[in-house]
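# Inside the fold
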Amino acid sequence: MSRDEQLKERWELVVTKLSNQFADGDTLDLDAIIYLIGVQELGQFDREFKKDQKLDLMHIAICKVLTPYGYYELDFVDAEGWPHYKTIETLPHLKAGEQSVLMKEAIVNYFLETEYIN
């Protein structure tokens, strides 16, 4: 199986599992999955988030999944439990499709690491 086929298969598995678990059968999109990763990384599951906090959660998720690629590094966790990352290497300029593939690959790797999928 080619790398692209394997990524596509694993991505579909992530989408299906998360959609069944969190969206009552509706299909979650990339942004929704990024948001869920942010909530997971923050670890504060029993609260409501304001709009700006939801964007912060997405930022946390993006930094977390791109850390193994050398783009970010955890800097510190503040008094309220929010992780803060520092940029190690600037992300390359990618076309929209390339960005999507990078994020899907990084998310699949995140869920492989956490053993949510195998």
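See the structure printed just above.
Throughout what follows, the structure given in this document is the object of discussion. (Residues numbered from 1 in each chain as written. Predicted model: local features only at pLDDT ≥ 70, side-chain atom pairs only at ≥ 80, totals over all residues. Heavy atoms only, no water.)

## Notes on unusual backbone geometry
Here E115, not a glycine, exhibits a phi torsion of approximately 65°, which is positive. One can find E115 in the segment after α4 (96-113). (Helix = DSSP H or I, 4+ residues; strand = E, 2+ residues; numbered from the N terminus.)

## Topic: the packing of helix α1 (residues 3-22) against α4
Contact pair α1 / α4: the axes reach a minimum separation of 9 Å and the direction vectors enclose 65°. One finds that α1 runs roughly perpendicular with respect to α4. Helix-helix and strand crossings are classified by hand; for α1 and α4 the assignment is left-handed. Here α1 contributes R3, L7, R10, W11, V14 and L18 to the contact with α4, which in turn contributes V101, K104, E105, I107, V108, F111 and L112. Residue composition of the contact of α1 with α4, grouped by class: nine nonpolar, no polar and four charged. (Axes fitted to C-alpha atoms, helices over the stretch in contact; angles between N-to-C directions. Parallel < 35°, antiparallel > 145°, perpendicular 65-115°, else oblique. Left-handed = near helix turned anticlockwise from the far one by under 90°. Contact = heavy atoms within 4.5 Å. Nonpolar A, V, L, I, M, F, W, Y, C, P; charged D, E, K, R; others polar.)

## Some remarks on the packing of aromatic side chains
Under the defined criterion, the tally for this structure stands at three aromatic pairs. Ring centres of F49 and W82 lie 6.2 Å apart, and the angle between their planes is 90°; on these two criteria the pair is classed as edge-to-face. On the criterion of sequence distance, the pair formed by F49 in the loop between α2 (30-42) and α3 (51-66) and W82 in the loop between β1 (72-77) and β2 (83-87) is long-range, its members being 33 residues apart. The exposure classification of F49 matches that of W82, with both residues buried. (Phe/Tyr/Trp six-rings, centres within 6.5 Å; stacked < 30°, edge-to-face > 60°. Buried < 20%, exposed > 50% of the residue type's maximum accessible area, 1.4 Å probe, protein only.)

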